[in-house]
Amino acid sequence: EENGHPNKKLKSDADEEDAEDQNKKLPKRKIVLLMAYSGKGYHGMQRNVGSSQFKTIEDDLVCALVQSGCIPENHGEDMKKMSFQRCARTDKAAGQIVSLKVRLIDDILEKINNHLPSHIRILGLKRVTGGFNSKNKCDARTYSYMLPTFAFAHKDHEVQEELYRLDRETLERVNQLLACYKGTHNFHNFTSQKGPRDPSAKRYIMEMYCGEPFVRENMEFAVIQVKGQSFMMHQIRKMIGLVIAIVKGYAAESILERSWGEEKVDVPKAPGLGLVLEKVHFEKYNRRFGNDGLHEPLEWTEEEEKIAVFKEQYIYPTIINTEREEKSMANWLKTLPIHDFNSSAVEVQTNNKNPKKSSDAEGSDGCGDDSD
């Protein structure tokens, strides 16, 4: 009491409490969220509950879900309670999908985004079947890899990075090499801790190509797209790293065939900076449930413009500015001469017997799936 009068609750406080009570009465429903984020300054996508030292994208997402009233606070501490599942662990994404159970509050997207920083956006939401799991139901993923085109300049040519422009002939060579990855191959040399006879090292690549180059802030870039059923840790970066090594003249083209055989081949891993999860595909799910009258197909054509705007506003500038400041590609290219692309299996195994665990500034490159 104050001056003999009982305290009156402020109207806004009372409204908030009423809204919270209403939220608690809402049943939880299984949904998917379409996410875009640039990932700069975070330690990857995946949340490590109890480790506040390394902030992840999911830390900010869970906070926003709790603050907006979509999930109870205790679900934020135990993500299994909301059946949370990410589709991939990529550090940058234009089309990440997470599945979870939430209360379907009014203006849900707006309320979640109000509690998120501008470099993390929820662009879409759809209801899905109760047993839906975004990782297990995903039947393909499309990644892009943005890189400065001077990465393809031949090692014997002196190159000024900002002045370099990719010629038609080199682009065609790059695309011929990238096309070799299509189909099913044994990618044990493109990841760590998988032996040549491990069945899970066989992966199916549907398409891989490099698009037309474009100039941003006086530097020329190009974007490589790759679509596959699933990818192993570091697989895409190593696929691109090997093509760069061949185009630059460090490795013979025959190394591609060798790398799919049983011998151990030294495959360089391109920097993580340019890797972006573009899209996840749910073709089987869409055929079964997409037109059942209760659920929508998991396609995001209406969100494509928002995705394009987000990439131009946040993802591309992050890659371009970081490349200019930290020179991650330029510095990595200097390491290519130390790789031995001709050594025998025995020599490479001896050299790699006690490999030091590499610290990856980009965290996981997101190519994690059921086999990792």
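Residues numbered from 1 in each chain as written. Predicted model: local features only at pLDDT ≥ 70, side-chain atom pairs only at ≥ 80, totals over all residues. Heavy atoms only, no water.

This next bit is on the overall build of the chain. Looking only at helices and strands, the chain has 11 helices and 10 strands in total. With 372 residues in all, the chain has 49% of them scored as buried. On the chain, roughly 19000 Å² of surface is accessible, and the fraction owed to carbon and sulfur atoms is 46%. (Helix = DSSP H or I, 4+ residues; strand = E, 2+ residues; numbered from the N terminus. Buried < 20%, exposed > 50% of the residue type's maximum accessible area, 1.4 Å probe, protein only. Areas by Shrake-Rupley, 256 points an atom, 1.4 Å probe, with all protein chains shown as cover.)

Ranked by size, the top nonpolar core spans 103 residues in total, and within it Tyr181 and Ile244 carry the most contacts. Among the elements that take part in this core, helix H6 (residues 235-247) stands out by supplying nine residues, more than any other. Split by domain, the residues of this core number at least three in each of domain 1 (28-127) and domain 2 (140-338). When near neighbours in sequence (up to four residues on either side) are disregarded, Ile244 contacts Leu147, Ala151, Phe152, Met329, Trp332, Leu333 and Leu336. (Core = buried A, V, L, I, M, F, W, Y, C linked by side-chain atoms within 4.5 Å. Domains from an automatic or database assignment. Contact = heavy atoms within 4.5 Å.)

To continue, consider the UniProt feature "binding site: substrate" (unreviewed entry) in the chain. Feature annotation in UniProt places "binding site: substrate" (unreviewed entry) on Tyr143, given in this structure's numbering. Here Tyr143 shows up in strand E5 (residues 140-148). Accessibility expressed as a relative area gives 0% for Tyr143, which makes it buried. A polar contact of 3.5 Å, which involves the side chain of Tyr143, links it to the side chain of Thr90. (UniProt positions renumbered as here; feature names shortened; annotations may be inferred. Polar contact = N/O pair within 3.5 Å; in protein donor to acceptor, adjacent residues only side chain to side chain.)

Side-chain pairing between opposite charges can occur once the charged atoms of the two side chains come close. Under the counting rule described, the total for this entry stands at 14 salt bridges. Lys55 is the salt-bridge partner of Asp60, the closest N and O atoms lying 3.6 Å from each other. Relative accessible area serves as the criterion here: at 40%, Lys55 is assigned to the partly exposed category. (Salt bridge = Lys/Arg side-chain N within 4 Å of Asp/Glu carboxyl O.)

The next subject is the side chain of Lys194. Along the chain, Lys194 falls in the loop between strand E6 (183-186) and strand E7 (202-210). For Lys194, the side chain forms a polar contact with the side chain of Ser200, separated by 3.1 Å.

Let us now look at unusual backbone geometry. The backbone of Gln193 shows a phi angle near 60°, a positive value even though the residue is not glycine. On the secondary structure map, Gln193 appears in the loop between E6 and E7. Judged by relative accessible area, Gln193 falls into the exposed class, the value being 81%. Even without a glycine there, the phi angle at Asn218 is positive, about 70°.

What follows deals with helix H2 (residues 57-67). Counting buried residues in H2 gives eight out of 11 residues, a clear majority hidden from the surface. Of the residues making up H2, those classed as buried are Ile57, Glu58, Asp59, Asp60, Leu61, Val62, Ala64 and Leu65. Looking one or two places after H2, you find Gly69, whose phi comes out positive at around 90°.

A word on the state of the cysteines. With the rule as written, the count across this model stands at zero disulfides. Lacking any disulfide linkage, Cys87 is separated from the closest cysteine sulfur, that of Cys138, by 3.7 Å. Judged by relative accessible area, Cys87 falls into the buried class, the value being 1%. (Disulfide = S-S within 2.5 Å.)

Okay, the side chain of Lys248 next. Topologically, Lys248 is positioned in the loop between H6 and helix H7 (255-260). Although Lys248 lies buried, it forms no salt bridge, and the closest oppositely charged side chain, Glu161, sits 8.9 Å away as judged by the N-O distance. Each residue touching Lys248, except ones within four places of it in the same chain, is listed here: Phe150, Ala151, Phe152, Ala153, His154, Lys155, Leu333 and Leu336. (Lys, Arg positive; Asp, Glu negative; His and termini not counted.)

Take the environment of Glu303 next. Residue placement: Glu303 occurs in the loop between helix H8 (283-289) and helix H9 (304-326). Considering only alpha carbons, one finds Glu303 and Gly124, 179 residues apart in sequence, at a separation of 7.0 Å. Sequence-distant contacts of Glu303, that is, excluding residues within four places in its chain, are made with Leu34, Leu123 and Gly124.

On to the environment of Cys63. For Cys63, the location among the structural elements is in helix H2. Each C-alpha atom, one on Cys63 and one on His115, is 7.8 Å from the other, the two residues being 52 residues apart in sequence.

Running from N to C, helix H5 (residues 168-179) and H6 cross one another at 135°; their axes reach a closest spacing of 10 Å. Comparing the axis directions of H5 and H6 gives the class oblique. As H5 packs across H6, the resulting crossing turns out to be right-handed. Between H5, through Thr170, Arg173, Val174, Leu177 and Leu178, and H6, the contact on the second element is made entirely by Val243, Ile246 and Val247. Partitioned by chemical class, the residues of the contact of H5 with H6 number six nonpolar, one polar and one charged. (Axes fitted to C-alpha atoms, helices over the stretch in contact; angles between N-to-C directions. Parallel < 35°, antiparallel > 145°, perpendicular 65-115°, else oblique. Left-handed = near helix turned anticlockwise from the far one by under 90°. Nonpolar A, V, L, I, M, F, W, Y, C, P; charged D, E, K, R; others polar.)

Let us now look at the packing of aromatic side chains. Under the counting rule described, the total for this entry stands at 10 aromatic pairs. Their ring planes at 70° and their centres at 4.9 Å tell us that Phe132 and Tyr285 sit as a pair that is edge-to-face. You can see Phe132 sitting in the loop between strand E4 (120-127) and E5 and its partner Tyr285 sitting in helix H8, a full 153 residues away along the chain. Here the aromatic cluster, defined as three or more aromatic residues joined through ring pairs, consists of Phe132, Phe282, Tyr285 and Phe289. (Phe/Tyr/Trp six-rings, centres within 6.5 Å; stacked < 30°, edge-to-face > 60°.)

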